[in-house]
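The lines below spell out each chain.
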Amino acid sequence: MSSPATSVSQVMNDVVNAMLSIFDALAQAIQQYAPLIVTVLITVGLFAGLGYAFTRVPIFRRILGWIGL
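These notes cover the structure that comes with them.

Scoring rules and cut-offs
- Residues numbered from 1 in each chain as written.
- Predicted model: local features only at pLDDT ≥ 70, side-chain atom pairs only at ≥ 80, totals over all residues.
- Heavy atoms only, no water.
- Helix = DSSP H or I, 4+ residues; strand = E, 2+ residues; numbered from the N terminus.
- Buried < 20%, exposed > 50% of the residue type's maximum accessible area, 1.4 Å probe, protein only.
- Areas by Shrake-Rupley, 256 points an atom, 1.4 Å probe, with all protein chains shown as cover.
- Axes fitted to C-alpha atoms, helices over the stretch in contact; angles between N-to-C directions.
- Parallel < 35°, antiparallel > 145°, perpendicular 65-115°, else oblique.
- Contact = heavy atoms within 4.5 Å.
- Nonpolar A, V, L, I, M, F, W, Y, C, P; charged D, E, K, R; others polar.
- Expected span 1.5 Å × (residues − 1).
- Bend = angle between axes of the 7 residues up to and from the residue.
- Phe/Tyr/Trp six-rings, centres within 6.5 Å; stacked < 30°, edge-to-face > 60°.
- Patch = residues over 30% accessible without salt bridge, like charges linked within 9 Å, V, L, I, M, F, W, Y side chains within 5 Å.
- Salt bridge = Lys/Arg side-chain N within 4 Å of Asp/Glu carboxyl O.

**Topic: the overall build of the protein chain**
Piece 1. Helix and strand counts for the protein chain come out as 2 helices and 0 strands.
Piece 2. When burial is assessed residue by residue, the protein chain has 3% of its 69 residues classed as buried.
Piece 3. A total accessible area of about 6100 Å² is found for the protein chain, and carbon and sulfur atoms account for 73% of it.

Okay, structure coming up:
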């Protein structure tokens, strides 16, 4: 029969191994979809920046006024 300390360390070891395998799977998924994620973030950032510019920056607001928006 094993001592309680051995079983506790074994349980901790199993927990750490499970967490590492989860992080490894997550890292592989992120690595696989990294180009798509970066493209989406850049696209959203560009549209957000343009939206901010066209509603807040005076020269862009004047341009929108010229075209009737």
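Right, picking up where we left off after that structure.
**Here we look at the packing of helix H1 (residues 4-56) against helix H2 (residues 58-66)**
Piece 1. Packing of H1 against H2 leaves a shortest axis separation of 5 Å and a crossing angle of 80°. Regarding the angle of H1 to H2, the classification is roughly perpendicular. The residues of H2 that touch H1, namely those facing Ala 53, Phe 54, Thr 55 and Arg 56, are Pro 58, Phe 60, Arg 61 and Leu 64.
Piece 2. When grouped by side-chain class, the residues that make up the contact of H1 with H2 number 5 nonpolar, 1 polar and 2 charged.

**Regarding the environment of Tyr 52**
Piece 1. Of note, Tyr 52 is situated in helix H1.
Piece 2. Classification of Tyr 52 as exposed rests on a relative accessible area of 52%.
Piece 3. Tyr 52 sits 16 residues away from Leu 36 along the chain, and the two C-alpha atoms are 24 Å apart.

**Remarks on H1**
Piece 1. For H1, built from 53 residues, the straight-helix expectation of 78 Å at 1.5 Å per residue is missed by more than 12%, its first-to-last C-alpha distance being only 66 Å.
Piece 2. At Tyr 33, H1 shows its strongest bend, of approximately 60°, with the proline Pro 35 following within four residues.

**Things to note about the packing of aromatic side chains**
The description of two aromatic rings rests on the distance between their centres and on the angle between their planes.
Piece 1. Overall, the coordinates contain 1 aromatic pair when judged by the stated rule.
Piece 2. Note on Phe 54 and Phe 60: the rings are 5.0 Å apart at their centroids and 65° apart in plane angle, and the pair reads as edge-to-face.
Piece 3. By relative accessible area, which is 29% here, Phe 54 ends up partly exposed.
Piece 4. For Phe 60, a relative accessible area of 30% gives the class partly exposed.

**Topic: a nonpolar patch on the surface**
Piece 1. On the surface, Val 11, Val 15, Met 19, Phe 23, Leu 26, Ile 30, Tyr 33, Leu 36, Ile 37, Val 40, Leu 41 and Val 44 cluster together into a nonpolar patch covering about 1200 Å² of accessible area.
Piece 2. With respect to the secondary-structure elements, Met 19 resides in helix H1.
Piece 3. Overall, Met 19 belongs to the partly exposed group, its relative accessible area being 44%.

**With respect to the environment of Leu 69**
Piece 1. You can see Leu 69 is positioned in the segment after H2.
Piece 2. Sequence-wise, Leu 69 and Thr 55 are 14 residues apart; in three dimensions their C-alpha atoms are separated by 11 Å.

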